[in-house]
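Residue-level listing of the chains:
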Amino acid sequence: MKKLYFKEEFFKLTDNYPIMDEDGQDEFFLHQNFTLMGYRANVNDKDDNLAFTIERKVFNLFPTYRVNFTDGKKMIIKAKLSLINRKVMINYNGDILKLKGNILDHEFGVYNSSGKIAEIDKKLFSFTDHYELTIFDENYTQALIAICICLNNMKDIEDSNSED
């Protein structure tokens, strides 16, 4: 089991922050590109090598993201209509994953055909978005990081739409 922590900056135009392990050591770095529409980001490992890129498709009814990993794997993350709990379907290089949230939209489980592979916990009382990712299957580490980043972007879009 491994834990990673995501904490956004308070004042920002784009997301640029480290993803840290349990000891506070930087494991990955998120670098969001400034765009007028959509979402684009690069995630680098601790040695500053590109690990994967994320791009949100602009013209979709529900948020849809494409993730390209440097090892050639690909992932599509797509939100689904749900009236009570958040549901997100994920195709990770042919492996179907599911993200399910609780009614408060702060605790999430990520599942594959064998069971739960991760938990994502969004901290309730924080000035910025702060997530804890608990990874049960480390073979999915980079995919789970990408899922957490996309989930945060989905929630940011919903929050900005509700302020209108």
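We now turn to the structure provided with this report. Every value quoted in this text rests on a predicted model; they were computed, and no experiment measured them.

How each quantity is defined
- Residues numbered from 1 in each chain as written.
- Predicted model: local features only at pLDDT ≥ 70, side-chain atom pairs only at ≥ 80, totals over all residues.
- Heavy atoms only, no water.
- Patch = residues over 30% accessible without salt bridge, like charges linked within 9 Å, V, L, I, M, F, W, Y side chains within 5 Å.
- Areas by Shrake-Rupley, 256 points an atom, 1.4 Å probe, with all protein chains shown as cover.
- Salt bridge = Lys/Arg side-chain N within 4 Å of Asp/Glu carboxyl O.
- Helix = DSSP H or I, 4+ residues; strand = E, 2+ residues; numbered from the N terminus.
- Buried < 20%, exposed > 50% of the residue type's maximum accessible area, 1.4 Å probe, protein only.
- Pairing = 2+ DSSP bridges.
- Axes fitted to C-alpha atoms, helices over the stretch in contact; angles between N-to-C directions.
- Contact = heavy atoms within 4.5 Å.
- Phe/Tyr/Trp six-rings, centres within 6.5 Å; stacked < 30°, edge-to-face > 60°.

### Here we look at a nonpolar patch on the surface
Part 1: A surface patch of nonpolar side chains, about 360 Å² in accessible area, is lined by Met 37, Val 58 and Phe 59.
Part 2: Checked against the element boundaries, Val 58 lands in the loop between β5 (50-56) and β6 (64-69).

### A short note on the environment of Ile 84
Part 1: Turning to its location among the elements, Ile 84 is positioned in the loop between β7 (74-80) and β8 (87-92).
Part 2: Since its relative accessible area comes to 60%, Ile 84 is described here as exposed.

### Here's the deal with the sheet that holds strand β10 (residues 107-112)
Part 1: In space, the 12 strands of this closed barrel follow the order β1-β2-β3-β4-β5-β6-β7-β8-β9-β10-β11-β12, with antiparallel pairing throughout. Averaged over neighbouring strand pairs, the angle between their axes works out to 20 degrees when direction is ignored.
Part 2: Here six bridges tie strand β3 (residues 26-33) to strand β4 (residues 39-45), and the two strands are oriented antiparallel to one another. Bridge pairing in β4 links Leu 30 to Val 43.

### A word on the environment of Phe 6
Part 1: Take Phe 6: it is sitting in strand β1 (residues 2-7).
Part 2: Its relative accessible area of 2% is what places Phe 6 among the buried residues.
Part 3: With 123 residues separating them along the chain, Phe 6 and Asp 129 place their C-alpha atoms 7.9 Å apart.
Part 4: If near-sequence neighbours (up to four positions away) are discounted, Phe 6 is found in contact with Tyr 17, Ile 19, Asp 129, His 130, Tyr 131, Leu 133, Ile 145, Cys 148 and Ile 149.

### Quick notes on the packing of aromatic side chains
Part 1: Within the structure shown, the criterion is met by three aromatic pairs.
Part 2: Consider the rings of Phe 52 and Phe 69, whose centres lie 5.2 Å apart with planes at 50 degrees: the pair is tilted. Here Phe 69 lies in strand β6 and Phe 52 lies in strand β5, a separation of 17 residues in the sequence.
Part 3: A residue is classified by how much of its surface remains accessible, and Phe 69, at 7% relative accessible area, is buried.

### Concerning the pattern of salt bridges
Part 1: Per the counting criterion, the structure on display carries four salt bridges.
Part 2: Across the pair Lys 46 and Glu 27 runs a salt bridge whose closest N-O atoms are separated by 4.0 Å. With Lys 46 in the loop between β4 and β5 and Glu 27 in strand β3, this residue pair connects regions lying 19 residues apart in the sequence.
Part 3: Here Lys 46 falls in the exposed class, since its relative accessible area comes to 52%.

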